[in-house]
Amino acid sequence: MNGRRAIILTIIMIVSLFTVLLEPSEASREMRVLGAADASLYFVDEKNVNVVINYTSYSYSAAALAAIFDNETLREYFRNKMVDYVKEKCAEAAEPEGINAIRFNTDIEPRVDFIKGPNWSRISISFNLTGEGEPVLGKAGEYWVHYEFRGGFLQLIRGGVLQWVTIVRPPLPIVLVDVLKLTVTLPKGYSALQVVPRQSSAIVNWKEDRVTLVWVFRDPLIERRDPAVAGIQNLFLDLKSLGDDEKRILKKLEDLENRLEENLPYSFNHETVLRLLEKVSLARFEERAFQILSDTYLDGLISETERFLRKVFLLKIAIVSLPLISFLLSASLLYKGGGMMYLRKLFGKISRLTKESEKIMNPNLISILNYGTHSSH
């Protein structure tokens, strides 16, 4: 057994030396990223978390891992070693602070898998954390909860040679990590009021009513960035569920967002509509993800948007009414034109009748007058 371990250590030392000699900064552009760590914390609920950490290696690091994976003895040796290491690190996890902190169990059953691809090799580690404690009920009916992953949940060592995880540290110096990504999916209905360190981005799944936080770090030799950023060493999350007031505000913002989109074609000032739409969409996102906007700002934004939509509504009525107004005006003109023509025809007939009557009456009148004159003689 000691001889086998000596052989294993010799192999690791040789591969490690080979790794150190090849600086990532000297690698070609296609080979600059030699490895990536992708960790995911999925909160099933407030007290149950599924943890998955994948280490994916490329280039010569992948080839070295593939050689280990192909050897059944080495593969099972490192699998058992990593399982023991994960259990050991979780057992040493520091207790979180605060009265509303959830304390996770230290006795876990991790699973370690070795996966090979066409040009990459991967170590996949997964386990579940079960918490103890209850969220604190706030005055407005919302719940508060605090989580701490202390002592370095994920850390990116400077230099791009050896990267490790405090909870899960692959005992293989050939596991390189140039890109580090952590994804945390919060419990349903919760927002992140405080996040340390600050996330790189956040996503809101409106259908599932969940917020996902994402951190992305790259080694400074790969991407010129502040070398003081050493990755995620201590992860702190303060969460708060949505209360009735927050739900009402979010529903109002959703309605306004939909109405702005629907009324965009009816506005002559598209720039104003797009500006308001951007502000409303951003406010809805920030209020759902972080609940950081003040009531004054939200009330002012809602009032401004509603005033604008009322103006658009009046304009919309005017635009819709134009065809009807045009038809009525045309009908009126036609009616008036027809009426005048009828009157002209009527007056013409009357005039003709009058002239004809005069023609008929004039000879008779002359005859009568002549007859009367002769009679008097």
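For clarity, every value in this text was computed on a predicted model and none was experimentally measured.

About the criteria used
Every chain's residues receive numbers from 1 upward, in the order its sequence appears when written. For this predicted model, a pLDDT threshold of at least 70 governs which residues receive local features, and a threshold of 80 or more governs which side-chain atom pairs are given and counted, while totals over whole chains, interfaces and linings are taken from all residues. The basis for the side-chain values is all heavy atoms of the structure; hydrogens and waters are excluded. Two strands pair if DSSP finds at least two bridges between them. A run of H or I in DSSP counts as a helix once it spans at least four residues, and a run of E counts as a strand once it spans at least two, with each numbered from the N terminus. For patch building, the residue pool is restricted to those with more than 30% relative accessible area and no salt bridge; the joining distance is 9 Å between like charges and 5 Å between nonpolar side chains (Val, Leu, Ile, Met, Phe, Trp, Tyr). For the area figures, the Shrake-Rupley method with a 1.4 Å probe applies, and any residue is considered shielded solely by the protein chains shown. Note on definitions: salt bridges are taken to be side-chain nitrogens of Lys or Arg within 4 Å of carboxyl oxygens of Asp or Glu. Charge convention: Lys and Arg are scored as positive, Asp and Glu as negative, and His as well as the terminal groups of each chain are ignored. To locate a charge, the coordinates of NZ of Lys, CZ of Arg, CG of Asp or CD of Glu are taken. Buried, partly exposed and exposed residues are distinguished by accessible area as a fraction of the type maximum, computed with a 1.4 Å probe on protein chains only: under 20%, between the cut-offs, and over 50%, respectively. In protein, a polar contact requires one atom able to donate a hydrogen and another able to accept it; more generally it is a pair of N or O atoms within 3.5 Å, and residues adjacent in sequence count only if both atoms are side-chain atoms. Working rule for contacts: check all heavy atoms of both residues, and any pair within 4.5 Å makes them a contact. One less than the residue count of a helix, multiplied by 1.5 Å, gives the span that helix is expected to have. For this quantity, the arc is that covered by the directions from the helix axis to the C-beta atoms. Residues belong to a common nonpolar core when they are buried Ala, Val, Leu, Ile, Met, Phe, Trp, Tyr or Cys residues joined through side-chain atoms within 4.5 Å. Axis lines are fitted through C-alpha atoms, for helices just across the contact stretch, and the angle between N-to-C directions can take any value from 0 to 180 degrees. Convention used here: angles under 35 degrees read as roughly parallel, angles over 145 as roughly antiparallel, angles from 65 to 115 as roughly perpendicular, and any remaining angle as oblique. A clockwise turn of the near helix away from the far one marks a right-handed crossing, whereas an anticlockwise turn of less than a right angle marks a left-handed crossing. Side-chain classes are defined by residue name, with Ala, Val, Leu, Ile, Met, Phe, Trp, Tyr, Cys and Pro counting as nonpolar, Asp, Glu, Lys and Arg as charged, and the others, Gly among them, as polar. Stacked, edge-to-face and tilted labels apply to pairs of Phe, Tyr and Trp rings (six-membered ring for Trp) whose centres lie within 6.5 Å, assigned for plane angles under 30 degrees, over 60, and everything in between, in that order.

Considerations on the sheet that holds strand E7 (residues 143-149)
Within a sheet, each strand pairs with its neighbour through backbone hydrogen bonds, oriented either parallel or antiparallel. The four strands are arranged E6-E7-E12-E9 in an open sheet whose pairing can be described as antiparallel. Two strands bound the open sheet, and with one partner strand each, they are strand E6 (136-137) and strand E9 (190-196). Bridge count for E7 against strand E12 (residues 235-241) is six bridges, and the pairing is antiparallel. Across the sheet, Val 145 pairs through a bridge with Leu 239, a residue of E12.

Some words on the pairing of strand E2 (residues 48-58)
Strand direction decides the pairing type here: strand E1 (residues 35-45) and E2, joined by ten bridges, are antiparallel. Across the sheet, residue Gly 35 finds its bridge partner in E2, namely Ser 57. Here E1 folds back onto E2, and the loop between the two strands holds two residues. One ladder, built from eleven bridges, connects E2 with strand E5 (residues 120-132); its direction is antiparallel. The residue bridging Ser 57 from the neighbouring strand is Ser 121, located in E5.

Details of a positive patch on the surface
A contiguous patch of positive charge on the surface is contributed by Arg 259, Arg 307, Arg 310 and Lys 311. For Arg 259, a relative accessible area of 35% translates into the label partly exposed.

Focus on a negative patch on the surface
Taken together, the side chains of Asp 244, Asp 245, Asp 295 and Asp 299 present a region of like negative charge at the surface. Elements that contribute at least two residues to the negative patch include exactly helix H4 (244-263) and helix H6 (295-376). Among the structural elements, Asp 245 can be located in helix H4.

Digging into the side chain of His 146
Note that His 146 resides in strand E7. His 146 gets classed as buried once you look at its relative accessible area, which sits at 9%. Reaching out from His 146, the side chain makes a polar contact with the side chain of Asp 238 at a distance of 2.6 Å. Apart from residues no more than four positions distant in its own chain, His 146 is found in contact with Glu 97, Asn 100, Ala 101, Ile 102, Phe 236, Leu 237 and Asp 238.

Comments concerning H4
With 20 residues, H4 should cover 28 Å at 1.5 Å per step; its first-to-last C-alpha distance of 29 Å lies within 8% of that length. All of the buried residues in H4 are Glu 246, Ile 249, Leu 250, Leu 253, Leu 256, Glu 257, Leu 260 and Asn 263. Within H4, the buried residues cover an arc of 165 degrees as seen down the axis, which keeps them to one side. For H4, exposure combined with an orientation more than 90 degrees from the buried face picks out Asp 244, Arg 248 and Glu 262.

A short note on the nonpolar core
Counting residues in hydrophobic clusters, the biggest one holds 50 residues, and the most contacted among them are Ile 123, Tyr 147, Val 184, Leu 213, Trp 215 and Leu 237. Here this core takes six residues from helix H3 (residues 72-91), the largest share from any one element.

Structural notes on the pairing of E12
Within E12, five of the seven residues are buried, leaving the element largely enclosed by the surrounding structure. Relative to E12, E9 runs antiparallel, the two sharing six bridges. The partner of Gln 194 across the bridge, within E12, is Asp 238.

Looking at a nonpolar patch on the surface
Side chains of Ile 99, Val 136, Trp 144 and Leu 193 sit close together on the surface and give an oily, nonpolar patch of about 370 Å² of accessible area. Take Ile 99: it is sitting in the loop between H3 and strand E3 (103-104). For Ile 99, a relative accessible area of 83% corresponds to the exposed category.

Side note on the side chain of Thr 305
With respect to the element layout, Thr 305 can be found in helix H6. On the basis of relative accessible area, Thr 305 is assigned to the buried category, the value being 0%.

Remarks on the packing of H4 against helix H5 (residues 270-289)
Contact geometry for H4 and H5: axes closest at 9 Å, N-to-C directions at 155 degrees. It follows that H4 is roughly antiparallel to H5 by the angle criterion. The interaxial crossing formed by H4 with H5 has left-handed handedness. Residues Glu 246, Leu 250, Leu 253, Glu 254, Leu 256, Glu 257, Leu 260 and Glu 261 of H4 form the contact with H5, whose own contacting residues are Val 273, Leu 276, Leu 277, Val 280, Ser 281, Ala 283, Arg 284, Glu 287 and Arg 288. A per-class count over the contact of H4 with H5 returns nine nonpolar, one polar and seven charged.

Digging into the environment of Thr 305
Along the sequence, Thr 305 and Leu 277 sit 28 residues apart, while their C-alpha atoms lie 8.8 Å from each other. Not counting chain neighbours up to four residues away, the residues in contact with Thr 305 comprise Leu 256, Leu 260, Leu 276 and Val 280.

With respect to the packing of aromatic side chains
Inspection of every chain in the model, using the stated rule, returns six aromatic pairs. Each ring, one from Phe 104 and one from Phe 149, has its centre 5.8 Å from the other, and the planes form 20 degrees; the classification is stacked. Here Phe 104, found in strand E3, pairs with Phe 149, found in strand E7; they are 45 residues apart in sequence, far enough to count as distant. Comparing Phe 104 with Phe 149, the two get one shared label, buried.

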